[in-house]
Amino acid sequence: MTHLPTTFRALHQGWSLTAAELAADAPDGVAPALADGIPAVVPGEAHLDLHREGLVDEPFDGDNEAAQQWIGDTAWRYATTFAWRPGDAARHDLVALGLDTVATVELNGVELGRTENMFRSFRWDARDALREGDNSLVVTFAAPVPEALARAERDGVLPSTNHHEYNQLRKMACSFGWDWGIDVAGAGIWKPIGLDSWSGVRIAAVRPLVDVVAGADGAHDGVLVAHVEIERDGVAADGEVPLRVALTGPDGGELVATGSVPAGRAEGTVTVEVPGVRRWWPVGHGDQPLYDVEVAAGDARWAGRVGFRTVELDTTADEAGAPFLLKVNGETVLVRGANWIPDHAFLTEIDRDRYARRVDDALEANINLLRVWGGGIYESDDLYDLADESGLLVWQDFPFACAAYSEDEPMRAEVEAEARENVTRLSPHPSLVIWNGNNENTWGSVDWGWAGRLGGRPWGDLYYRELLPGVLAELDPTRPYSPASPYSFGDYRHPNDERYGTMHVWDVWNREDYSVYARYRPRFLSEFGFQGPPAWSTLTRVVHDEPLDPFGHQMLVHQKAHLGNAKLERGWQGHLPDPATIEDWHWTTQLNQAHAVRFGIEHVRSLTPHNTGAIVWQLNDNWPVVSWAAVDHDEHRKPLWHALRAAYAPRLATFQPRASEAARAAAWEGLEPAPDTVALVVVNDTGERLAGTWTVTREALDGSVLAKATVEVDAPARGAATVTVPAEVATFDDAAAEVLVATADDPESGVAAALRHGAEVVDQRLDPSPLRIEASPVPGGCELRLTATSLARDVFCPVDVVDPAARVDAGLVTLRAGQSVTLRVTSQGGDPEAFAAAVRCANDLLGGVSAAG
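Residues numbered from 1 in each chain as written. Predicted model: local features only at pLDDT ≥ 70, side-chain atom pairs only at ≥ 80, totals over all residues. Heavy atoms only, no water.

### Thoughts on the overall build of the protein
A count of helices and strands for the protein gives 19 helices and 44 strands. Its C-alpha radius of gyration of 29 Å places the protein within 12% of the 29 Å reference for a compact globule of 853 residues. Dimensions of the protein, computed from C-alpha atoms along their principal axes, come out at roughly 90 × 75 × 65 Å. Here the protein, with 853 residues, has 59% of them falling under the buried criterion. With the model as given, the accessible surface of the protein reaches about 31700 Å², and the carbon-plus-sulfur share is 48%. (Helix = DSSP H or I, 4+ residues; strand = E, 2+ residues; numbered from the N terminus. Rg over C-alpha atoms; globule rule 2.2 N^0.38 Å. Buried < 20%, exposed > 50% of the residue type's maximum accessible area, 1.4 Å probe, protein only. Areas by Shrake-Rupley, 256 points an atom, 1.4 Å probe, with all protein chains shown as cover.)

So this is what it looks like as structure tokens:
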């Protein structure tokens, strides 16, 4: 939650926007319209104001990105007037919680301050500038693109991965564009701005740090240490300030402790002990009890909430290298994660409801951790609040990504200021379990040819090894810290060594087939992924090429990866047939994305406990684009999302190639032997042991059983079991027409059947039309009853092609002959028969279409 005091008066009305210095390439007609100013929304952004007033078209549509580059080359001025009376307060401060980015703030013609960091807030004593009656407030922003370039020319260009010099500014890196992101670097008052009128003392910050210790009779006791920072008004006596901390538990019971800030000091601490505390747990490990915290410092108040838990990160060396093992309350967390980017290119368009929908997307896909990536922002408290309530863990990058950063002033001072503020702001959230210094900068310093380009200049390592861990050690030592991702936790180790710490795998996608995932044995895979287009309705809403083509102009505007659509084409080779139509291209590339990522996840999860986590790139999009996302910008769940839900199931059964003992004995020392058997691996990410018999069958596509065996599986809690499948069952006689299936004999086991296809789709003898579909209307939509007459791979209903607002509850379901599934479609007015006709499966790419009946 954002802690705005009751003494804060928002100044969000009556703003106008003008061009302080209009870009030379601005379109005709813009200058006259801006001369007198247009209405501006605060908090807001210049792009959005221009669009609301009809001066620019919808920024995401067609090729409008290129036509609107002048916005980032323009200096913008926001202005408003407001009435003010002195009242009884001793202090009147102008507070800006977020200015994007290089700005000059003037009140009644008096310059109060200059800013150059969108990641922090600013506060200025405004008493000398305020006047009774009408007041004029003006915020002028430098044009971000020329400003970044000017700093690079003045101070020296630093290596980065973008056509703009984004690393010269403390501004959201991906606002300058990314390999999935639109280039809309702009300006705006993006967080609340207003006057804070107060007397005596104000609470400047609260850090309610928690711990859990052993209590009596095996119980656990909570310890809350509230660090309270105050500011005195400079008028009242500089005496002792009483502190009171009240802690209210989920059962309503209240505990109170007191303390003080000594005279002449600005900080005091109060400790609250909580006997028999209810501990906060990650999703899948327990409940999420939250405790309300109220702090009083004199007459000033602060309110927040905490959850009591401990967090550890174990990177202790072992025989295989060094793990990356996250523990909460002493219990191992096997991470099933997704990388998070800002959920909209225009940050002020993200509200709590949108955050809540993304959190639901994560939880319903069995994701238990979001990594807030370093090319974005420190997110709104809304995201962390929702994570606190649901048990969704958060890994927070500091905002440094894929670039070298200056260690000189004023950059260094700004980095420290933003770190101190955000570490403090986010300290109450139990969901936040790890801080990370940078995304790929440490790796880049080794492998991306920086040395010659830097010419001896430092590249930011001081931040990741000294400044940031120093801030955390001082302000919040309760959470672990990693200097980078990827990172190997050793000075003389390659930062992306699979044997140590975290790893990113990007040769798959960029160069290699997705089967190459199987060559890796990462201890923790914190980035990997594969692209696919957004939902059909999302794509065609913004791409208007005639005819629609993968390499059409507007299509490529909405594909930011280098040679991205060529990589999509290369990626399906050997897996899926070449598509005959644009609709088939769309289905093929979405399906291949799902296959690729599921293959990778099942492989790394099968390595449990050697591997302790995977974080797929990425959960979400910030605009309509072909990308790695599982949920597109219009909030449609792509086939990948359904693949994630299956691959990230807490209990997962998967067939994996393994080397037999004989093969291992015959292999050269130090070399990994070639797999010569098939194993059933059952991963059990629950708190209960999973033991019982499983039936493994080799079946024809018509469902007839060709071979059968029973195996015993005993998977410990938070562990895995590996069982070799008898060769007479595992060996295909006719690979193109057979499938391997493993099912738990206990129907209450909660494990979906494992399938291993004898061949890729392109080589299988699948029936192109394997489904009978019955459609029936129900309140709020319809139901589709699908029955397979032969093996039907990856059945999916792209409901948005019928109704862009429609949603479906399941997808990417493989049905064996005779099996049925019911899909429930939510839609207001969509024709059930049209939804039935829209159903796709992998089979139909081989030449047929599904028939509704």
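Read on for the rest.
### Comments concerning the sheet that holds strand E18 (residues 291–297)
One open sheet accounts for 4 strands, arranged E16-E15-E18-E19; its pairing is antiparallel. In this open sheet, the two strands that pair with only one neighbour each are strand E16 (254–261) and strand E19 (300–306). Put simply, the sheet's adjacent strands are angled 15° from each other on average, direction ignored. Of the strand pairs in this sheet, strand E15 (residues 241–248) and E18 are connected by 6 bridges, and their pairing is antiparallel. When the sheet's bridge partners are listed, Leu243 is paired in E18 with Ala297. (Pairing = 2+ DSSP bridges. Axes fitted to C-alpha atoms, helices over the stretch in contact; angles between N-to-C directions.)

### Structural notes on the pattern of salt bridges
This structure, assessed with the given rule, holds 57 salt bridges. Notably, a salt bridge pairs Glu418 with Arg170, separated by 2.7 Å at the nearest N-O pair. Residue Glu418 is located in helix H7 (residues 411–426), and its partner Arg170 is located in the loop between helix H4 (144–155) and strand E11 (188–189); the two are separated by 248 residues in the primary sequence. A relative accessible area of 0% places Glu418 in the buried class. For the salt bridge of Arg202 with Glu231, the shortest nitrogen-to-oxygen distance reads 2.7 Å. You can see Arg202 sitting in strand E13 (residues 201–214) and its partner Glu231 sitting in strand E14 (residues 220–232), a full 29 residues away along the chain. According to the relative accessible area criterion, Arg202 is buried, its value standing at 15%. One continuous salt-bridge network, built from bridges that share partners, spans Arg91, Asp93, Arg123, Asp125, Arg127, Asp196, Arg202 and Glu231. (Salt bridge = Lys/Arg side-chain N within 4 Å of Asp/Glu carboxyl O.)

### Looking at a negative patch on the surface
Among the surface-exposed residues, Glu712, Asp745, Asp746 and Glu748 lie close enough to one another that they form a single negatively charged patch. Assignment of secondary structure puts Asp745 in the loop between strand E36 (738–744) and strand E37 (754–757). Residue classification places Asp745 among the partly exposed positions, given a relative accessible area of 37%. (Patch = residues over 30% accessible without salt bridge, like charges linked within 9 Å, V, L, I, M, F, W, Y side chains within 5 Å. Lys, Arg positive; Asp, Glu negative; His and termini not counted. Charge placed at Lys NZ, Arg CZ, Asp CG, Glu CD.)

### Overview of the nonpolar core
The nonpolar side chains of a soluble globular protein tend to be buried, and buried together. Membership of the largest hydrophobic core comes to 117 residues, with the highest contact counts inside it found for Phe398, Tyr463 and Leu468. Ranked by the residues each element gives to this core, the list is headed by helix H15 (residues 582–606), at 9 residues. Other than its neighbours up to four places away in sequence, Phe398 contacts Gly374, Tyr378, Ala419, Val423, Trp435, Asn436, Gly437, Leu468, Leu472 and Tyr481. If you look at the next biggest cluster of nonpolar residues, it comprises 38 residues, including Leu17, Leu112, Ala126 and Leu137. (Core = buried A, V, L, I, M, F, W, Y, C linked by side-chain atoms within 4.5 Å. Contact = heavy atoms within 4.5 Å.)

### A few points about the sheet that holds E14
Spatially, the 3 strands line up as an open sheet ordered E13-E14-E17, and their pairing is antiparallel. Strands at the two margins of the open sheet, each flanked by one partner only, are E13 and strand E17 (267–274). Ignoring strand direction, the axes of neighbouring strands in this sheet form an average angle of 20°. With 8 bridges joining them, E14 and E17 adopt antiparallel strand pairing. Bridge assignment links Val225 to a residue of E17, and that residue is Thr271.

### Digging into the side chain of Arg305
Following the sequence through the fold, Arg305 ends up in strand E19. With relative accessibility at 17%, the residue Arg305 sits in the buried group. Here the side chain of Arg305 touches Asp385 through a polar contact of 3.3 Å, landing on its backbone oxygen. A polar side-chain atom of Arg305 sits 2.5 Å from a polar atom in the side chain of Glu389. (Polar contact = N/O pair within 3.5 Å; in protein donor to acceptor, adjacent residues only side chain to side chain.)

### Here we look at helix H14 (residues 564–572)
Here H14 has its buried residues at Gly564, Asn565, Lys567, Leu568, Gly571 and Trp572. The arc enclosing the buried residues of H14, seen along the axis, measures out at 155°, which places them on a common side. Along its buried surface, H14 packs onto helix H11 (507–510), helix H13 (553–557) and H15. (Arc of directions from axis to C-beta.)

### Section: the pairing of strand E39 (residues 781–788)
When you tally the buried positions in E39, you get 6 out of 8 residues, the bulk of the element. Sheet topology note: the strand E38 (residues 771–778)/E39 ladder contains 8 bridges and is antiparallel. Within E39, the residue paired with Pro777 across the bridge is Cys782. Of the strand pairs in this sheet, E39 and strand E43 (residues 820–826) are connected by 7 bridges, and their pairing is antiparallel. Residue Cys782 lies in a different strand from E43, and its bridge partner there is Val825.

### Topic: unusual backbone geometry
Between Glu409 and Pro410 the backbone carries a cis peptide bond, its omega angle lying at 5°. Within the fold, Pro410 resides in the loop between strand E25 (393–397) and H7. Cis peptide bonds are those with omega within 30 degrees of zero, and the linkage from Thr608 to Pro609 qualifies with 5°. Secondary-structure assignment places Pro609 in the loop between H15 and strand E30 (613–616). The backbone phi angle of Asp217 is positive, close to 55°, even though this residue is not glycine.

### Quick notes on the side chain of Asn565
Locating Asn565 in the fold gives a position in helix H14. A polar contact is formed between the side chain of Asn565 and the side chain of Gln559, at a distance of 2.8 Å. Ignoring anything within four residues of it in the chain, the contact list for Asn565 reads Pro550, Phe551, Met555, Leu556, Gln559, Trp585 and Val626.

### What about the packing of aromatic side chains?
Under the counting rule described, the total for this entry stands at 37 aromatic pairs. Between Phe400 and Tyr405, the ring centres sit 5.0 Å apart and the planes meet at 85°, which makes this aromatic pair edge-to-face. Look at Phe400 and you get buried, because its relative accessible area is 1%. Residue classification places Tyr405 among the buried residues on the basis of a relative accessible area of 2%. Arranged with centres 6.1 Å apart and planes meeting at 65°, the rings of Trp450 and Trp459 form a pair that is edge-to-face. We note that Trp450, like Trp459, is buried. The aromatic ring of Phe400 is capped on one face by Arg170, whose charged end is 4.3 Å from the ring centroid. (Phe/Tyr/Trp six-rings, centres within 6.5 Å; stacked < 30°, edge-to-face > 60°. Lys NZ or Arg CZ within 6 Å of the ring centre and 35° of its normal.)

### So, the layout of surface pockets
Considering only enclosed or pocket space, the second largest pocket measures out at about 1400 Å³ in volume. What lines the second largest pocket is a set of 44 residues, among which Arg598, Glu602, Leu755, Arg756 and His757 lie closest to the centre. Only H15, helix H16 (639–647), strand E31 (651–658), E36, E37, strand E40 (792–795) and strand E42 (813–815) provide two or more residues apiece to the lining of the second largest pocket. Examining the composition of the lining of the second largest pocket, we find that 7 residues originate from one element, E31, more than from any other. (1 Å grid on protein atoms, 1.4 Å probe; cavity = no way out; pocket = protein on both sides within 12 Å on 5 of 7 lines; lining within 4 Å. Points joined across faces, edges and corners; volume = space filled by probe spheres on them.)

### Digging into the environment of Pro804
With respect to the helices, strands and loops of the structure, Pro804 is situated in the loop between E40 and strand E41 (807–808). Each C-alpha atom of the pair Pro804 and Trp536 lies 8.8 Å from the other, and the pair is 268 residues apart in sequence. Setting aside chain neighbours within four positions, we find Pro804 in contact with Ser537 and His636.

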